[in-house]
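This is what each chain is made of:
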Amino acid sequence: KASAKKDAILLRWGVNDKVAWKYGNEYGYVLERATIYRNGQPLEKPEIAILTNGSIKPRPIADWETLINMDDMAAVAAQAIYGETFNTSDQTENIVMQVINESSELQQRFGFSMFAVDQSFEAAQYAGLGYVDTDVALNESYLYNIKMAAPEELIKLKETGLVIEPTEKETLPKPYDFAGYYYNDAFVLIWEYDDLQNFYNSYFLERSTDGTNFERINKIPITKLASTEVTGISYSDSIPTYEQKYWYRVIGKTIFNEFGPASDTISVIAYKKLLVAPEFIENEILSEKEVILKWNFAQDEAWKLTAFDILRAEKAIGPYTAIKTDLEAKTRSFQYNEVKDINYFKIRAHGIAGDQRESSPNMIQPIDSIPPLKPENLTGTIDTLGIVKLSWQANSELDLRGYSIFKANRPNQEFTRLNKQEITEV
């Protein structure tokens, strides 16, 4: 890859194999530049130059000291290249196990090194995988080729190259599909990653309490270490203060330590209090006295639960009495063995913030095979205008729906119902 600056061209390369990485460190790379255009015209004979004396290799470990003190990624790269051999085997191991362990160590060194230099262009230059060409002219175009200096009998790699000119400026895109939500005592932030890999290999998140002034929240770059089925990437940020609004944005970083424009800003709020209530899902009536109550609770809010209570009343409006308290937060059913003729139940959820949320009433009525008692003390009066007023003693059944009034003009005549709907008040 290359990136054009006003007076320089930044170059980066790498390998995708641990053996190639090993020989690259030992023999280095040869960087060739061919000037192919000048003042917009192709040159009949490209001007070819080898940019370095000899090959480009990792700098001696003594040269790394100052950079290591300033750059953690440089420390990782230096340790991978020059660190002492890991003692992964002993003298009693057979030769096969020694070969396996040494191969695993080389793979780890290769992986850590390539990750580190992707995060720091300075470390890449020190590791022999980056170069800054300052001998450039704005009116010229260049073809760069990079090849390994190792003998072909050891390893043979294809050369690779690219064409670029100093005036060629790459426009970096904004990260997109940036979203955030509150889940399990953290803010989860997600955005597209795979589609922007040609531009960015890592990201930094910034947070604000006013939507204007932002601070970076991650010290280590956010990146993917493996391919996944999803194209996005996610990051979880702890919540400084509940019920406080926060703004977030994400910024991409290139392998040349360049930062692109910030993404669109999003805002999120964390509530430690329960945002939802329990919800009845079904009732399983076992007998006239037994019922199993079943309920559900939103999964993304369940981490806030501490306990459940079961409440019962004889009317939907209450008053409700607790018939069971301190059920475990994972409980989602309860068997009650003292069912009355009519019952109203509620589930009360307790949250970690000391708050409570109650479900809607849930009426349970066992199999109803017993009719109400007949009304008592029916009396009536008729005034001079012919208006009849009836009264009777109210029934005491809890499941009473109401009363119907029947009338006949003679004792032996069939009675006719007068009211279309049951009378509910006496």
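Nothing here was measured: the structure is a model prediction, and the numbers come from that model. (Residues numbered from 1 in each chain as written. Predicted model: local features only at pLDDT ≥ 70, side-chain atom pairs only at ≥ 80, totals over all residues. Heavy atoms only, no water.)

1. Structural notes on the sheet that holds strand β19 (residues 333-336)
On the basis of which strands lie adjacent, the open sheet formed by three strands has the order β15-β16-β19 and antiparallel pairing. Taken across any chain shown, the strands that pair with only one partner, and hence form the sheet edges, are β15 (279-285) and β19. Mean inter-strand twist for the sheet, computed between neighbouring axes without regard to direction, equals 20 degrees. Here β15 runs beside strand β16 (residues 291-296); their pairing, made up of six bridges, is antiparallel. From the neighbouring strand, Glu284 faces β16, where its bridge partner is Ile292. (Pairing = 2+ DSSP bridges. Helix = DSSP H or I, 4+ residues; strand = E, 2+ residues; numbered from the N terminus. Axes fitted to C-alpha atoms, helices over the stretch in contact; angles between N-to-C directions.)

2. Remarks on helix α1 (residues 18-27)
Within α1, burial applies to Lys18, Ala20, Trp21, Tyr23, Gly24 and Asn25. Looking one or two residues beyond α1, the residue adopting positive phi is Gly28, at roughly 85 degrees. (Buried < 20%, exposed > 50% of the residue type's maximum accessible area, 1.4 Å probe, protein only.)

3. Overview of the side chain of Thr35
Tracing the chain through its elements places Thr35 in strand β3 (residues 29-38). For Thr35, the contacting residues outside a window of four places in its chain are Leu43, Pro46, Glu47, Glu140, Ser141 and Tyr142. (Contact = heavy atoms within 4.5 Å.)

4. Comments concerning helix α3 (residues 72-82)
Within the sequence span of α3, burial applies to Met73, Ala74, Ala77, Ala78, Ala80 and Ile81. Viewed along the axis of α3, the buried residues span an arc of 160 degrees, placing them on a single side of the element. Between a side-chain oxygen at the N-terminus of α3 and the backbone nitrogen of Met73 the separation is 2.9 Å; the capping residue is Asp71. (Arc of directions from axis to C-beta. Polar contact = N/O pair within 3.5 Å; in protein donor to acceptor, adjacent residues only side chain to side chain.)

5. Details of the pairing of strand β17 (residues 305-313)
For β17, the tally of buried residues reaches eight of nine residues, placing the bulk of the element in the interior. Bridge count between β17 and strand β20 (residues 343-351): eight bridges; the pairing is antiparallel. Bridge assignment links Ile310 to a residue of β20, and that residue is Ile347. Pairing analysis gives five bridges linking β17 to strand β18 (residues 321-328), with the strands arranged antiparallel. Across the sheet, residue Ile310 finds its bridge partner in β18, namely Lys324.

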